[in-house]
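These are the residues of each chain, in order.
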Amino acid sequence: DYSKERCILVAVESKGNQKIYRERFDKVEPLTLRESLKELKELVKTAGLNVVGLVVQRLQAPHSQTYIGTGKVNDIAIIMDKTNARTLIFDDDLTQKHLNL
């Protein structure tokens, strides 16, 4: 749907023991990355955006400066250009350093 804002979902699959959790009915449940991205995609669609891409990078931990590696940053720029996406949505909380890029 070209009338909706186009976006790309971005996630880091950590090789460490970081887990993704959600609060649900007064309890906290672990989520797999796949479940977390599926839930995020539904939230984004509900907000009226059109998901046109998904980028997942496997890292020991998110990159301190760019969250994802610089190679993935370049890959995402190409994907954004090809899909006319103007918004990136990360499946994580970004630090102020990440947001200032």
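One structure accompanies this document, and this report is about it. Just so we're clear, the structure is a prediction, and the values are computed from it rather than from any experiment. (Residues numbered from 1 in each chain as written. Predicted model: local features only at pLDDT ≥ 70, side-chain atom pairs only at ≥ 80, totals over all residues. Heavy atoms only, no water.)

1. Here's the deal with unusual backbone geometry
In terms of backbone geometry, most residues other than glycine have negative phi values and most peptide bonds are trans.
Next up, step 1: A positive phi angle, close to 70°, is found at Y67, a residue other than glycine.
Next up, step 2: The residue Y67 is located in the loop between β4 (50–59) and α2 (70–83) in this model.
Next up, step 3: In this structure, N84 takes a positive phi of about 60° despite not being glycine.
Next up, step 4: On the secondary structure map, N84 appears in the loop between α2 and β5 (87–90). (Helix = DSSP H or I, 4+ residues; strand = E, 2+ residues; numbered from the N terminus.)

2. Quick word on the packing of aromatic side chains
Next up, step 1: With the rule as written, the count across this model stands at one aromatic pair.
Next up, step 2: A ring pair is formed by Y67 and F90, whose centres lie 5.4 Å apart and whose planes are at 90°; its orientation type is edge-to-face. Of this pair, Y67 sits in the loop between β4 and α2 while F90 sits in strand β5, and the two are 23 residues apart along the sequence.
Next up, step 3: What makes Y67 buried here is its relative accessible area of 2%. (Phe/Tyr/Trp six-rings, centres within 6.5 Å; stacked < 30°, edge-to-face > 60°. Buried < 20%, exposed > 50% of the residue type's maximum accessible area, 1.4 Å probe, protein only.)

3. Here's the deal with the nonpolar core
Soluble globular proteins: nonpolar side chains tend toward being buried together.
Next up, step 1: I8, V10, V12, V55, L59, Y67, I68, I76, M80 and A85 together form the largest nonpolar core, which totals 10 residues.
Next up, step 2: If you list the elements that add at least two residues to this core, you get β1 (6–14), β4 and α2.
Next up, step 3: Among the elements that take part in this core, β1 stands out by supplying three residues, more than any other.
Next up, step 4: Contacts of V55, omitting those with residues within four sequence positions, involve I8, L9, V10, A11, K72, I76 and I79. (Core = buried A, V, L, I, M, F, W, Y, C linked by side-chain atoms within 4.5 Å. Contact = heavy atoms within 4.5 Å.)

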